[in-house]
Amino acid sequence: EGEASCLACAPGTTQNQTGQETCAVCDLGMYMAKPESTEAKCDNCDQGRYQDMEGMSDCEACGKGKWSVTSGAEAESSCVECGRGKYSSATGASSESDCNKCPPGKASDKTANTNSSLCIPCIQNTYANESGSIACRSCGDTGASQPGATLCGQCNAGQYMLSQVCTPCPSG
């Protein structure tokens, strides 16, 4: 007579009871990385990750420019876009604080920015004095600034303000 033999559960499945003929498939939002698992249940996907398929051995990371605080997320839609004035070049961000703010002198009115180059320098005669700006502010009729300015009225060394334009100083 043939003897019964136990087969190991594959990654993405688990079984913690002896004598079972099948392994339990991990649900959406869950995974099992360990082969031959005898865990009682599959693991939830961590924050910043999701799994939209059953029976998987890993979870997918939220893409660049997105984040998620949800544990056990079942869909990419659980990943939230970084807000305006922010960006994230990392994948798997697990909180909004993982989104970096555009530096002073730059701004972005778009969401889900994936790197700092999407923070646009302020144009001449505008400024952004705070990090995370969504728009540059005008210097108005009496001020002036160079591109990428954090304040108005400042010209580079060797220049002076003339009709809202930083102008090179005359020699001598």
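Owing to the predicted nature of the structure, the values given are computational and were not obtained by experimental measurement.

Caption draft 1: Structural context of the overall build of the protein. When helices and strands are counted, the protein shows 0 helices and 16 strands. Projected onto the principal axes, the alpha-carbon positions of the protein cover approximately 110 × 25 × 15 Å. Counting across all 172 residues of the protein, residues that qualify as buried make up 29%. Partitioning the contacts of the protein with sequence separation of at least 6, the portion at a separation of at least 24 is 41%. Roughly 10300 Å² of accessible area belongs to the protein as shown, and the carbon and sulfur atoms make up 47% of that amount. When the 11 basic and 20 acidic side-chain charges of the protein are each reduced to a single mean position, those positions are 17 Å apart.

Caption draft 2: Representation of the state of the cysteines. Scanning all chains against the criterion turns up 8 disulfides. Between the sulfur atoms of C102 and its disulfide mate C119 the distance is 2.0 Å. Taking the torsion about the sulfur-sulfur bond, which here is approximately -75°, the covalent link between C102 and C119 counts as left-handed. On the criterion of sequence distance, the pair formed by C102 in the loop between β10 (100–101) and β11 (106–107) and C119 in the loop between β11 and β12 (120–121) is long-range, its members being 17 residues apart. For C119, a relative accessible area of 1% puts it in the buried group.

Caption draft 3: The environment of A73, seen in detail. Among the secondary structure elements, A73 is positioned in the loop between β7 (66–67) and β8 (80–81). Residue class for A73 comes out buried when judged on its relative accessible area of 3%. In sequence terms A73 and S94 are 21 residues apart; their C-alpha atoms lie 12 Å from each other. Ignoring any residue separated from it by four or fewer positions in sequence, one finds A73 in contact with G29, C45, R49, Y50, Q51 and S78.

Caption draft 4: Structural detail: the side chain of T14. By secondary structure assignment, the location of T14 is in strand β1 (residues 13–14). For T14, a relative accessible area of 4% corresponds to the buried category. Beyond its immediate chain neighbours, meaning those up to four positions away, T14 contacts C9, C23, A24, M32, S37, T38, E39, K41 and C42.

Caption draft 5: How the structure looks around the side chain of S78. Position of S78 among the secondary structure elements: in the loop between β7 and β8. Here the side chain of S78 touches A75 through a polar contact of 2.8 Å, landing on its backbone oxygen. For S78, the contacting residues outside a window of four places in its chain are Y50, W67, S68 and A73.

Caption draft 6: Representation of unusual backbone geometry. Despite not being glycine, A112 shows a phi value in the positive range, around 65°. Structurally, A112 is set in the loop between β11 and β12. Of note, N125 is a non-glycine position whose phi angle comes to about 70°, a positive value. You can see N125 is positioned in the loop between β12 and β13 (126–127).

Caption draft 7: Quick peek at the pattern of salt bridges. Under the definition given, this model contains 3 salt bridges. Of the charged contacts, one joins R49 and D58 as a salt bridge, the two residues approaching to 3.4 Å between their closest N and O atoms. With a relative accessible area of 25%, R49 lands in the partly exposed category. Look at D58 and you get partly exposed, because its relative accessible area is 44%. Across the salt bridge formed by D109 and K110, the nearest N and O atoms sit 3.7 Å from each other. The class of K110 is exposed, set by a relative accessible area of 54%.

Here is what the cut-offs are and how they apply
Residues numbered from 1 in each chain as written. Predicted model: local features only at pLDDT ≥ 70, side-chain atom pairs only at ≥ 80, totals over all residues. Heavy atoms only, no water. Helix = DSSP H or I, 4+ residues; strand = E, 2+ residues; numbered from the N terminus. Buried < 20%, exposed > 50% of the residue type's maximum accessible area, 1.4 Å probe, protein only. Contact = heavy atoms within 4.5 Å. Areas by Shrake-Rupley, 256 points an atom, 1.4 Å probe, with all protein chains shown as cover. Lys, Arg positive; Asp, Glu negative; His and termini not counted. Charge placed at Lys NZ, Arg CZ, Asp CG, Glu CD. Disulfide = S-S within 2.5 Å. Polar contact = N/O pair within 3.5 Å; in protein donor to acceptor, adjacent residues only side chain to side chain. Salt bridge = Lys/Arg side-chain N within 4 Å of Asp/Glu carboxyl O.

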